[in-house]
Amino acid sequence: SSKGKLNYPSIQIVFHLKDLPLALLIQKNLRLGSLIRKKGVNAYILYFNSHEGILKLVKLLNGNMRTPKINSFYNLIDWLNNKNPELNLTKLPLNSKSLSEDAWLSGMIESDGHFTVRSTITEKYPKIECKFELTQRQKDHLGFSNELFLLNIAKFLNTSLKNIREKTSNPQYRLRTTNLESNLILINYLDKYPLFGSKFLDYNNWKEIVDLFRTGFKYSNKDNVNKVLALKSEMNDNRTIFIWDHLNKFYNLDY
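Residues numbered from 1 in each chain as written. Predicted model: local features only at pLDDT ≥ 70, side-chain atom pairs only at ≥ 80, totals over all residues. Heavy atoms only, no water.

The helix and strand tally for the protein chain stands at eight helices and seven strands. Once the C-alpha set of the protein chain is aligned to its principal axes, its extents read approximately 70 × 40 × 35 Å. Buried residues in the protein chain amount to 41% of all 255 residues. Within the protein chain, counting contacts between residues at least 6 apart in sequence, those at least 24 apart form 62% of the total. (Helix = DSSP H or I, 4+ residues; strand = E, 2+ residues; numbered from the N terminus. Buried < 20%, exposed > 50% of the residue type's maximum accessible area, 1.4 Å probe, protein only. Contact = heavy atoms within 4.5 Å.)

Given two aromatic rings, one states the distance between the centres and the angle between the planes to describe the pair. Counted by the stated rule, this structure contains 11 aromatic pairs. With 5.8 Å between their ring centres and 80° between their planes, Phe156 and Tyr189 make a pair best called edge-to-face. On the criterion of sequence distance, the pair formed by Phe156 in helix α5 (residues 147-156) and Tyr189 in helix α6 (residues 180-192) is long-range, its members being 33 residues apart. Centroid distance Phe196 to Tyr251: 5.5 Å. Interplanar angle 70°. Geometry classified as edge-to-face. Of this pair, Phe196 sits in the loop between α6 and α7 (199-214) while Tyr251 is found in the segment after α8 (222-232), placing the two residues 55 residues apart along the sequence. Clustering of aromatic rings is evident, with ring pairs tying together Phe115, Phe132, Tyr203 and Trp206. (Phe/Tyr/Trp six-rings, centres within 6.5 Å; stacked < 30°, edge-to-face > 60°.)

Taken in spatial order, the three strands of this open sheet run β1-β3-β2, and their pairing is antiparallel. Looking at which strands have only one partner, the edges of the open sheet turn out to be β1 (11-16) and β2 (34-38). If you compare each strand with its neighbour and ignore which way they point, the axes differ by 25° on average. (Pairing = 2+ DSSP bridges. Axes fitted to C-alpha atoms, helices over the stretch in contact; angles between N-to-C directions.)

Right, let's talk about the pattern of salt bridges for a bit. Following the criterion strictly, the structure yields nine salt bridges and no others. Salt-bridge contacts for Glu129 lead to Lys127; the nearest nitrogen and oxygen are separated by 3.6 Å. Judged by relative accessible area, which is 25%, Glu129 ranks as partly exposed. Using a relative accessible area of 45% as the deciding quantity, one classes Lys127 as partly exposed. The salt bridge partner of Arg176 is Glu133, with a shortest N-O separation of 2.8 Å. You can see Arg176 sitting in strand β7 (residues 172-176) and its partner Glu133 sitting in strand β5 (residues 127-137), a full 43 residues away along the chain. Judged on exposure class, the residue Arg176 and its partner Glu133 are both buried. (Salt bridge = Lys/Arg side-chain N within 4 Å of Asp/Glu carboxyl O.)

The next point concerns the confidence of the model for the protein chain. Per-residue pLDDT for the protein chain has a mean of 93; in total, 99% of the residues score no lower than 70. Per-element mean pLDDT across the protein chain ranges from 91 in α8 up to 98 in α5. (pLDDT = per-residue confidence, 0-100.)

Turning next to the nonpolar core. Among the nonpolar cores identified, the biggest contains 38 residues, and Phe115, Phe132, Ile153, Leu175 and Trp206 are the most heavily contacted of them. Only α4 (104-112), β4 (113-120), β5, α5, β7, α6, α7 and α8 provide two or more residues apiece to this core. Element by element, the count of residues in this core is highest for α7, at seven residues. Once residues within four sequence positions are removed from consideration, Trp206 is found in contact with Phe115, Thr116, Val117, Cys130, Lys131, Phe132, Asn183, Leu186, Ile187 and Met235. Formed by 26 residues, the second largest nonpolar core is a distinct cluster that contains Ile11, Leu30, Leu46 and Ile54. (Core = buried A, V, L, I, M, F, W, Y, C linked by side-chain atoms within 4.5 Å.)

This brings us to the pairing of β5. Pairing of β4 with β5 involves eight bridges; the strand directions are antiparallel. Considered in β5, the bridge of Thr116 is made with Lys131. Relative to β7, β5 is paired through five bridges, and the arrangement is antiparallel. Bridge pairing in β7 places Glu133 opposite Arg176.

On to the sheet that holds β7. Across the sheet, which stays open at both edges, the four strands sit in the order β4-β5-β7-β6 with antiparallel pairing between neighbours. Pairing within the sheet leaves two strands with one partner each, and these edge strands are β4 and β6 (161-164). Across the sheet, the mean angle separating the axes of adjacent strands is 35° when strand polarity is ignored. Packed onto the sheet, α8 meets β4 and β5 and runs at close to 140° relative to β4.

Shown next, in the form of structure tokens:
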């Protein structure tokens, strides 16, 4: 650097504390990286600092990115090419394929998606709603807008993108499924490209409730209502039992 310090690149993937099995599996499959518990927060970070590790991830990611994070990725490629001109790495463009054609959206959901069940159980006006929500800041840390890729997700799920927290220092975009049709689009996608963290378990509960409405949910059926409430009580922060059998179907990360 201009101050005489040696700069080096680092790629970091953050996992919630409860997703340690997934973090370990990714580290094992890549055969690279250092997994460290982050002090003060409920998170592990998988660090890739070695030249071998950085280069392997660059080859895995190149051509598969869909967000403004590609600008930082291009900076990384420039650094690698400058360090070793013989690499001659090519900057592939943003992935423009349909979201239905790869697992990118699953990764996005894994990171920032949220499955919720809202219930108001009264004798006169009972109401149960299944929603999926994804919220992102409007601009990333380099000032690039996140609107375009979020609009693509909203269009894919047949829902809308809304501005929220506009009068705060951190305005955000939010998309949310609001009907059975959108939820079924998401289910069809995640059946093809599944989640692998603990969110997979929350999704399964959520999906089971959506299926009840698909087959004709009736509020007058107390067994149905009680089943919904039981499934909801196990989700998200309330979950205490974690079964990781689904990791047996994880992707081969070799390139």
